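Overview (structure and organization)
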Amino acid sequence: MTGQAMFHARIDDRTELRPAEEEDAEAAFSLVERDRDHLREYLQWVEGCRSIVDMLALIQYARAQVEVLNGFTCSIWHEGRFAGAVGLNSVNWQFRCAEIGYWLGEEFEGKGIVTRACRALLNHVFDEMWLAKAEIHVGVTNTRSRAIPERLGFVEEGTLRLKAYHNGETEDLVVYGILADEWRALSHRSHE
Amino acid sequence: MMFAQRIDDEIKLRIFDERHAAESFALVDSNREYLREYMPWVDDTRFDEDTRAFIRRSRADMANENGFAAGIWYRGNLAGTIGVNSINRFNRKAEIGYWLGEEFQGKGIMTRCCRAVVTYLFDDQQLEKVEIHAAETNVRSRAIPMRLGFVEEGTLRMLAYHDGKREGLVVYGMLASEWRALQGQR
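Conventions adopted
- Residues numbered from 1 in each chain as written.
- Chains lettered and ligands numbered in written order.
- Predicted model: local features only at pLDDT ≥ 70, side-chain atom pairs only at ≥ 80, totals over all residues.
- Heavy atoms only, no water.
- Helix = DSSP H or I, 4+ residues; strand = E, 2+ residues; numbered from the N terminus.
- Rg over C-alpha atoms; globule rule 2.2 N^0.38 Å.
- Buried < 20%, exposed > 50% of the residue type's maximum accessible area, 1.4 Å probe, protein only.
- Contact = heavy atoms within 4.5 Å.
- Areas by Shrake-Rupley, 256 points an atom, 1.4 Å probe, with all protein chains shown as cover.
- Lys, Arg positive; Asp, Glu negative; His and termini not counted.
- Charge placed at Lys NZ, Arg CZ, Asp CG, Glu CD.
- Expected span 1.5 Å × (residues − 1).
- Buried area = accessible area lost by both parts, 1.4 Å probe.
- Salt bridge = Lys/Arg side-chain N within 4 Å of Asp/Glu carboxyl O.
- Core = buried A, V, L, I, M, F, W, Y, C linked by side-chain atoms within 4.5 Å.
- Arc of directions from axis to C-beta.

What follows deals with the overall build of chain B. A tally of regular secondary structure across chain B gives six helices and eight strands. Mapped in sequence order, the helices and strands of chain B form the string β-β-α-α-α-β-β-β-α-β-α-β-β-α. By the compact-globule yardstick of 16 Å for 186 residues, chain B fits well, its C-alpha radius of gyration being 16 Å. For chain B, the spread of C-alpha atoms along the three principal axes comes to 45 × 35 × 35 Å. Of all 186 residues assigned to chain B, the portion counted as buried reaches 49%. Long-range contacts, defined as pairs at least 24 residues apart, comprise 59% of the intrachain contacts of chain B with a sequence gap of at least 6. Summing over all exposed atoms, chain B offers an accessible surface of approximately 9000 Å²; the carbon and sulfur share of this is 47%. Taking the 27 positively charged and 29 negatively charged side chains of chain B as two groups, their mean positions are separated by 2 Å.

The structure is reproduced here in C-alpha cells:
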C-alpha cells in the first residue's frame, strides 16, 4: 500500500478524515437516504445509489482507484458521525495534477469542514505526493461548492461549457486550479 | 467515420489499419525534430512496432466506441493524423486531436479535415459538444479551432507539454447548435 492511501488527518477537535472503508457503507448510505433531494442536484451517482449494496460498490470502486494510483477517498467523521467524503480523483502523473472532489450532508454545512478538509488534502498533495497542481471542478450554478476553491485561493482558469452534471442535465463546468508554489506561498502567509 | 472518406479532390481520410504502420512511422521519423516540440510520444516512437502498437490501441478504442484515429492522405501521400478521443456518451462530448508533417503545413489541410470530422461528430454521432485542446504557444495548432469558429473556454495551467516543460492548455469548444448556425451561414 502506498503512502497516499494511508492519508488520515484530524482537521479540528471534532472532525477527522479516514480512508473510506467498506464498513462505512451503512452510515454513508443512511446519510444519502436522508439528504437525497439535496445531494442529487449536483452529484450524478446519487440517483443510482439505492441500497447499501450500491454504496458498497461505490466504496469498492474508490478503493480500487488507490490500487492503480488514480486517487483516494476519505470519509469525513464529525463528532463520530459520517458527514460526507473528500478525495483525490483522476491523478494525472504525466502532468502531476489531480482533482479534488467532495460532498457533505446538509446538516454539516456551514461549519468550515470542507474548507479544512481541503486544506489538509492540499498539504498532502503538495508535500507528500509532490504534485505540481490541484484542480477543483464545479458546476457553474453550485455557489456553495464554488466558495471552497475561492476561499482557498485557487485561480479560476476557465468555464468549460456543458461539462457538469445538474439535475439530470448538463451545465457549464468551472475549473479552479492551484499550483504547488502558490499553495506554499499562501500557507506560509497564513502562518505568519 | 467510414473506413475511407474523401474530403475533397486532394484529401482522403482512412481509419488507421496495421498495414499503414510503416508509412505512418516513416512520416514521424522524417519529422522528428519538428513534431517533438509539442508531442512527447514522438521520442517513444522509435520503431515501426511502436506505431503498430498505437494503431492497435486506436482500433481497440474504436471497437469500444471511445474514438478513432485516421490517416490523412494529401494527393496520395500520408500527411498526418486526425483522431477523436474520449467520447463521453453521457455528456455527449468528444475531443479532436491532430498533427501534420511540416511540409504539409499551410495548405489548409487540417482545417478541411477538422471541418469534416466535426460535422460527422454532430450529425452522425449526435454529440452536443466537441473540444480541441492546444498548448498555449502552439500558434499553428490553435489557429485551426479559431478559424472554425470554436469558442475559447479557458487556459488550464501547466497541463500542456512544450519542449520537456509544462505550459497552459487552451480549451476550445463548439456546441452542436453553434456549428449548425455557422454551417447555415457558409
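Over its 15 residues, helix H4 (residues 109–123) of chain B extends 21 Å from the first C-alpha to the last, a length consistent with the 21 Å expected when each residue adds 1.5 Å. Within H4(B), 11 of the 15 residues are buried, which leaves it mostly tucked inside the rest of the structure.

Between chain A and chain B, the contact holds 23 residues from the first and 22 residues from the second. Both sides of the chain A and chain B interface together cover about 1900 Å² of buried area, and 55% of this is carbon and sulfur. A per-residue breakdown of the area chain A buries against chain B is headed by A:Phe95, A:Arg161 and A:Lys163, which together make up 37% of the total. Here chain A is connected to chain B by five salt bridges.

Our focus in this paragraph is the pattern of salt bridges. Residue and element names in this part refer to chain A. In total, this model carries 35 salt bridges over all chains according to the counting rule given. In this structure, the salt-bridge partner of Glu107 is Arg81, at a minimum N-O distance of 3.0 Å. Residue Glu107 is located in the loop between strand E5 (97–104) and helix H3 (113–128), and its partner Arg81 is located in strand E4 (residues 81–92); the two are separated by 26 residues in the primary sequence. One salt bridge connects Lys133 with Glu135, and the closest N-O pair in it is separated by 2.9 Å. Across the pair, Glu135 and Lys133 agree in class, each one buried.

Residue and element names in this part refer to chain A. Of note, Leu69 is a non-glycine position whose phi angle comes to about 60 degrees, a positive value. According to the relative accessible area criterion, Leu69 is partly exposed, its value standing at 33%. One non-glycine residue, Leu162, lies in the positive phi region at around 60 degrees.

Another aspect to go through is the nonpolar core. Formed by 64 residues in total, the largest nonpolar core has its most connected members in B:Ile72, B:Ile82 and B:Ile96. Residue contacts for B:Ile96: discarding those within four places in its chain leaves B:Ile82, B:Gly83, B:Val84, B:Cys114, B:Val117, B:Val118, B:Leu121, B:Val130, B:Glu131 and B:Ile132. If you look at the next biggest cluster of nonpolar residues, it comprises 55 residues, including A:Ala25, A:Leu43, A:Ile100 and A:Val138.

Before going further, it helps to spend a moment on helix H5 (residues 139–147) of chain B. All names here are of chain B. Those residues of H5 not exposed but buried are Ser141, Arg142, Ile144 and Pro145. For H5, the angular spread of the buried residues around the axis is 145 degrees, confining them to a single face. Residues of H5 that are exposed and point more than 90 degrees away from the buried face comprise Val139, Arg140, Met146 and Arg147. Of the surrounding secondary structure, the elements contacted by the buried residues of H5 are strand E5 (93–100), H4, strand E6 (129–135), strand E7 (151–162) and strand E8 (165–175). Trailing H5 by a residue or two, Gly149 shows a phi angle of about 90 degrees, which is positive.

Such coordinate-based values are descriptive only and should not be taken to indicate function.
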